[in-house]
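Fold and geometry: a report
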Amino acid sequence: MNAQSIVYGTGQYNPAGTKALFYYAYVEDILSMPVLADPATATTLASLVEMATAVVMKTGKRIFDHYATSEENEVKCTLVGSRDGKGYENSFEYKFPGNDPIQLGFQASTANRQVVLWVPEKNGRVRLIGSLEDPAYMETAEYTSGKKIADSRGTIITFKASAATPAPIYTPALTSLLTVAS
Amino acid sequence: MKLNPDVSAKYNLVGVTPGKYQFNGFGIIDLTKIDLAEADGLVKLGFPHLVEKKKTRQN
């Protein structure tokens, strides 16, 4: 793979944070996911992290949306490991307000389950946390009722996945995944 | 990218285009590199993306 110029367009928008909705799927509901290019065969740097072919869900399955409190959510990609063996820990931390039974049930159902998350960032790029081979796991979930009226009631949840690359960018439209696969 | 000609002669590819994917329960498979024996094996295991073509009656 050849090296490439890495530029940044002057004046382009780069709003921080993630959007107020992200999407999730149980790994067992996914039929297939494309494989990212490998450094040995890739022709562009972007192809190492861009997933341009859509995920395929099993018949009767779809991905689901999940609300997250605005400006309380964060995608993080952290290089870890020793020299010549480094990889990435990709995580998504978000806050869900209140103590809604459906969301609490989601926590219960995913505490020991493999999932994949699609997290749209505010600059329009959708980051993928987890895959079929390296799924995301719920790492922490901490609920508080708050103590005083000015406190906050809600749960802060973190999902984490390990990968060879920073969280990939998923470019196909999500609309097809939001309808039940036939 | 295309399927091996022997594979495409026997099977239709359904739901995905030729390429390299993670398949749930089957691992990572490059569909452009599997031969007919591997395709037959996958189908026997219930691989949903390869569907045998209907044989046409010959006079």
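What you are looking at is a predicted structure, and each value in this text was computed from that prediction instead of being measured.

Some thoughts on the packing of aromatic side chains
All names here are of chain A. Counting across every chain of the model gives 12 aromatic pairs over all chains. When the ring of Tyr-67 is compared with that of Phe-96, the centres are 6.2 Å apart and the planes differ by 80 degrees; the resulting orientation is edge-to-face. Taken together, the residues Tyr-67 in strand 5 (residues 64-67) and Phe-96 in strand 7 (residues 87-97) connect sequence positions 29 residues apart. Here Tyr-67 falls in the partly exposed class, since its relative accessible area comes to 38%. One aromatic cluster in this structure is built from Tyr-24, Tyr-26, Phe-64, Phe-106 and Phe-159. A cation over an aromatic ring shows up here: Arg-62 above the ring of Phe-64, its NZ or CZ 4.1 Å from the ring centre. One residue, Arg-113, lies across the ring of Tyr-26, its end atom 3.9 Å from the ring centre.

A few points about the pattern of salt bridges
All names here are of chain A. Per the counting criterion, the structure on display carries 7 salt bridges over all chains. In this structure, the salt-bridge partner of Glu-28 is Arg-113, at a minimum N-O distance of 2.2 Å. Here Glu-28 is found in the loop between strand 1 (21-26) and strand 2 (30-34), whereas its partner Arg-113 is found in the loop between helix 1 (101-110) and strand 8 (115-120), with 85 residues between them in sequence. Under the relative-accessibility criterion, Glu-28 is labelled partly exposed at 35%. Exposure remark for Arg-113: the relative accessible area of 24% places this residue in the partly exposed category. A salt bridge links Glu-89 to Lys-160, with the shortest nitrogen-to-oxygen separation between them at 3.6 Å. In this pair, Glu-89 is assigned in strand 7 and Lys-160 in strand 11 (residues 154-163), connecting sequence segments 71 residues apart. Through salt bridges that share partners, Glu-89, Glu-139 and Lys-160 make up one connected network.

Basis of the calculations
Residues numbered from 1 in each chain as written. Chains lettered and ligands numbered in written order. Predicted model: local features only at pLDDT ≥ 70, side-chain atom pairs only at ≥ 80, totals over all residues. Heavy atoms only, no water. Phe/Tyr/Trp six-rings, centres within 6.5 Å; stacked < 30°, edge-to-face > 60°. Helix = DSSP H or I, 4+ residues; strand = E, 2+ residues; numbered from the N terminus. Buried < 20%, exposed > 50% of the residue type's maximum accessible area, 1.4 Å probe, protein only. Lys NZ or Arg CZ within 6 Å of the ring centre and 35° of its normal. Salt bridge = Lys/Arg side-chain N within 4 Å of Asp/Glu carboxyl O.

In short, shape yes, function no, at least from these values alone.
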